[in-house]
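A look at the structure
Chain residues, written in single-letter form:
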Amino acid sequence: MVAELRGALIGCGFFAVNQMHAWRDIEGASIVAICDRDPERLTVVGDQFGIERRYTDAAALFASEKMDFVDIATTAPSHRPLVEMAAQNRVPAICQKPFAPSLADAKAMVKACTDAGVALMVHENFRWQSPIQAVRAVLDSGDIGTPFFGRISFRSAYDVFSGQPYLARGKRFIIEDLGIHSLDIARFLLGDVSTITTRTARINPQIAGEDVATMLMDHKSGATSVVDCSYATKLAIEPFPQTLVEIDGSDGTIRLEHNYRLTVTGRNGTAVSDVSPPLLPWASRPWHNIQESVVAIQRHWVDCLANGTEPATSGADNLRTLALVEAAYAGAASREPVQLDALL
Ligand code: NAD
Ligand code: 89Y
């Protein structure tokens, strides 16, 4: 029998609870120790998940525990020091998105892990949502031919600030927090990007950053896409946290619409299906779509460690998604298109 991987979680905040639930669902790995600099969060998560080994200091965790991996669920400012600490201790690491506050930090983190010979995966989970995987499967089937246009859309007025108050305070908001997922989905579905043009707006006067972004991208494949996201869009039915997708191909179209309705018009006519994510026993609506993708990406990590393969959203891969974020902010400021290759 193969021994279970021993993991430790650093950062026991709002989202980490989903990660802890997901680890309980996954065979082949378990969380044996947790760390948070806030003793209250350590108690809440430690008691909820029955983890006795608790640390308020990450350096003490690395010094005391024998671990096969570390799952970093803190916010972006601490990602670089924690990933570098994992690399120094030769411990493979998962790091939450946004990977780092800057592309320069992210490149240094990838280098540290490469030099140490340890795996590094960014917890970029939206592409692992089952509806998005269903769109990818249609593209792979060839049914709509070669894609030439895409729209990845996330428009909502859901109050994300009550659960994640720091989102209201940052100079950067929607592109770095949510658009980063949409940009990654665009890469996942249509491939890497050569140029991005961006417009942003702040509609909600009570927050510091932008809550609306519209991005036009040239993909290296020749396809064009529009990635649009908003937390200022009040709709009759609140769709949070659904990502809607339109793809036009040479032989047909894909539409992922509200309530996970997937319509594919291809060489063999039109098929409509319900690609709703399952509601896991510990999950709660409307977050269940995201929660299911957490299980999927963490399971992928365990498979990658077992097989010695590179995670789909490795640190190196995620540099291309983070470069889109940096390019989007630069282009929103200059109102000029930004070339991606110059950043990478
Ligand atoms: P949070 O502030 O609720 O939790 C972060 C926790 O990390 C806090 O308890 C804090 O005390 C702890 N922490 C910070 N620095 C630390 C350090 N150096 N050592 C130990 N503990 C430290 O934040 P959150 O809302 O849970 O978000 C965490 C990350 O998850 C963010 O990067 C956010 O963007 C991301 N997130 C991802 C998704 C997703 O779907 N992938 C969804 C929500 C949030
Ligand atoms: O932090 C964000 C994320 O990654 O997914 C949704 C979210 O919680 C709020 O925008």
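Residues numbered from 1 in each chain as written. Chains lettered and ligands numbered in written order. Predicted model: local features only at pLDDT ≥ 70, side-chain atom pairs only at ≥ 80, totals over all residues.

**As for the pairing of strand E4 (residues 69-72)**
Going residue by residue along E4, you find Phe69 and Asp71 tucked away on one face and Val70 and Ile72 tucked away on the opposite face as well. In terms of strand pairing, strand E1 (residues 5-10) meets E4 through 4 bridges, oriented parallel. By the bridge assignment, Gly7 is partnered in E4 with Phe69. Bridge analysis of E4 against strand E5 (residues 93-96) gives 3 bridges, and the strand direction is parallel. Looking at the pairing, Asp71 lines up with Ile94 of E5. With respect to chirality, the unit in which E4 leads through helix H4 (residues 79-88) into the neighbouring parallel E5 is right-handed. (Buried ≥ 20, exposed ≤ 12 C-beta atoms within 10 Å, placed from the backbone. Helix = DSSP H or I, 4+ residues; strand = E, 2+ residues; numbered from the N terminus. Pairing = 2+ DSSP bridges. Right-handed = clockwise from strand over helix to strand, strands pointing away.)

**So, the sheet that holds strand E13 (residues 261-266)**
Strands sit in the order E14-E13-E12-E11-E7-E10-E9-E8-E15 across an open sheet of 9 strands; the sheet is mixed. On the outer flanks of this sheet lie strand E14 (269-274) and strand E15 (338-339), each paired with one strand and no other. Against the sheet, helix H6 (residues 130-141) touches strand E7 (147-155), strand E11 (244-249), strand E12 (252-257) and E13, its axis set at about 175° to E12. Across the face of the sheet, helix H10 (residues 315-334) comes into contact with strand E8 (193-201), strand E9 (212-219) and E15 while running at roughly 55° to E8. (Contact = placed C-beta atoms within 7 Å. Axes fitted to C-alpha atoms, helices over the stretch in contact; angles between N-to-C directions.)

**Considering the site of ligand 2**
The immediate surroundings of ligand 2 are formed by Val160, Gln164, Asp177, Leu178, His181 and Pro241. Looking at the shell around ligand 2, its residues break down into 3 nonpolar, 2 polar and 1 charged. (Near = placed C-beta within 6 Å. Nonpolar A, V, L, I, M, F, W, Y, C, P; charged D, E, K, R; others polar.)

**Thoughts on the nonpolar core**
If you look at the biggest cluster of nonpolar residues, it comprises 93 residues, and the most contacted ones within it are Ala8, Ile10, Val83 and Ala93. Considering every element that reaches this core, the biggest residue donor is helix H8 (residues 174-190), with 10 residues. Among the domains, domain 1 (5-118) and domain 2 (127-283 + 320-339) are the pair contributing at least three residues each to this core. Contact partners of Ala93, with chain neighbours within four places excluded, come to Phe69, Val70, Ile72, Val83, Ala86, Cys113, Val118 and Leu120. (Core = buried A, V, L, I, M, F, W, Y, C linked by C-beta atoms within 7 Å. Domains from an automatic or database assignment.)

**So, the sheet that holds E4**
Judged by pairing direction, the sheet is parallel, and its 6 strands sit side by side in the order E3-E2-E1-E4-E5-E6 without closing on themselves. Two strands lie at the open edges of the sheet, namely strand E3 (53-55) and strand E6 (120-123), each paired on one side alone. This sheet shows a mean twist of 25° between the axes of neighbouring strands, independent of strand direction. With 4 bridges joining them, E5 and E6 adopt parallel strand pairing. Residue Gln96 lies in a different strand from E6, and its bridge partner there is His123.

**Comments concerning the domain arrangement of the protein**
The domain architecture assigned to the protein consists of domain 1 (5-118) and domain 2 (127-283 + 320-339). Each of domain 1 and domain 2 has a C-alpha centre, and these two points are 28 Å apart. Each side of the interface is counted separately: domain 1 has 9 residues, and domain 2 has 10 residues. The residue makeup of the side of domain 1 that touches domain 2, split by class, is 6 nonpolar, 2 polar and 1 charged.

**What about the site of ligand 1?**
In the vicinity of ligand 1 lie 26 residues, with Gly11, Gly13, Phe14, Phe15 and Ser78 positioned nearest. Structurally, the shell around ligand 1 is a two-domain feature, drawing no fewer than three residues from each of domain 1 (5-118) and domain 2 (127-283 + 320-339).

**A closer look at unusual backbone geometry**
Backbone phi values are negative for most residues with the exception of glycine, while trans is the configuration of most peptide bonds. With omega at -20°, the peptide bond leading from Lys97 into Pro98 counts as cis. Among the secondary structure elements, Pro98 is positioned in the loop between E5 and helix H5 (103-116). Look at Arg90: it is not a glycine, yet its phi comes out positive at around 55°. For Arg90, a count of 12 C-beta atoms within 10 Å translates into the label exposed. Backbone geometry places Arg335, a non-glycine residue, at a positive phi of 60°.

**Remarks on the packing of helix H1 (residues 16-25) against helix H9 (residues 288-307)**
The description of two helices packed together rests on the angle between their axes and the distance between the axes. Running from amino to carboxyl end, H1 crosses H9 at an angle of 55°, the nearest separation of the two axes being 9 Å. The orientation of H1 with respect to H9, classified from their angle, is oblique. Read as a crossing pair, H1 and H9 show a hand that is right-handed. On the side of H1, the interface is formed by Asn18, Gln19, Ala22, Trp23 and Asp25, while H9 contributes Gln291, Val294, Val295 and Gln298. Residues of the contact of H1 with H9, tallied by class, amount to 4 nonpolar, 4 polar and 1 charged. (Parallel < 35°, antiparallel > 145°, perpendicular 65-115°, else oblique. Left-handed = near helix turned anticlockwise from the far one by under 90°.)

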